[in-house]
Amino acid sequence: MALIKTITRFPEVVEGAAQNLEPHRLTFYLIDLAGIFHNYYNKHRVVSEDGELTKARLLLGKAVRTVIRNALMLLGVSAPEKM
């Protein structure tokens, strides 16, 4: 639930950063999101025997990827697909 709550805060963080001219809010948000996702990924297998659960977890991962990509774009940082 912490991961979902953090993802849904993204528009609020962007708005606050823009209104207050504080782009570092996005950076701190991304650090927080990455940490929460890391903990989630370590605790839960994304691909499992349960097909519906696997789909849900993959969708959650895509949502995290989308938020990270959008935040980096706003900060002017590229997000390569692979290193």
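Scroll up a little and you will see the structure.
Okay, so let's go over this structure. All values reported here derive from a predicted model rather than from experimental measurement.

1. Let's talk about the environment of Asn39
Position of Asn39 relative to the elements: it lies in helix H3 (residues 24–43). In this structure the C-alpha to C-alpha distance between Asn39 and Leu3, which are 36 residues apart in sequence, comes to 9.4 Å.

2. Focus on the packing of helix H2 (residues 10–19) against H3
Running from N to C, H2 and H3 point in directions that differ by 155 degrees, and their axes come no closer than 8 Å. When the axes of H2 and H3 are compared, the pair comes out roughly antiparallel. Residues Phe10, Val13, Val14, Gly16 and Ala17 of H2 form the contact with H3, whose participating residues are Arg25, Leu26 and Tyr29. When grouped by side-chain class, the residues that make up the contact of H2 with H3 number six nonpolar, one polar and one charged.

3. A closer look at unusual backbone geometry
Phi is mostly negative for residues that are not glycine, and the peptide bonds are mostly trans. Even without a glycine there, the phi angle at Leu21 is positive, about 50 degrees. Following the sequence through the fold, Leu21 ends up in the loop between H2 and H3. We classify Leu21 as exposed; its relative accessible area is 73%.

4. A short note on the side chain of Thr54
With respect to the helices and strands, the residue Thr54 is situated in helix H4 (residues 51–75). Setting aside its immediate chain neighbours within four residues, Thr54 contacts Val46, Val47 and Ser48.

5. Some remarks on the pattern of salt bridges
Enumeration over the complete set of coordinates arrives at three salt bridges. Between Arg9 and Asp32 there is a salt bridge, with its nearest N and O atoms 3.8 Å apart. Note that Arg9 is positioned in the loop between helix H1 (2–8) and H2 and Asp32 in helix H3, a separation of 23 residues in sequence. A relative accessible area of 33% means that Asp32 is categorised as partly exposed.

Thresholds applied
Residues numbered from 1 in each chain as written. Predicted model: local features only at pLDDT ≥ 70, side-chain atom pairs only at ≥ 80, totals over all residues. Heavy atoms only, no water. Helix = DSSP H or I, 4+ residues; strand = E, 2+ residues; numbered from the N terminus. Axes fitted to C-alpha atoms, helices over the stretch in contact; angles between N-to-C directions. Parallel < 35°, antiparallel > 145°, perpendicular 65-115°, else oblique. Contact = heavy atoms within 4.5 Å. Nonpolar A, V, L, I, M, F, W, Y, C, P; charged D, E, K, R; others polar. Buried < 20%, exposed > 50% of the residue type's maximum accessible area, 1.4 Å probe, protein only. Salt bridge = Lys/Arg side-chain N within 4 Å of Asp/Glu carboxyl O.

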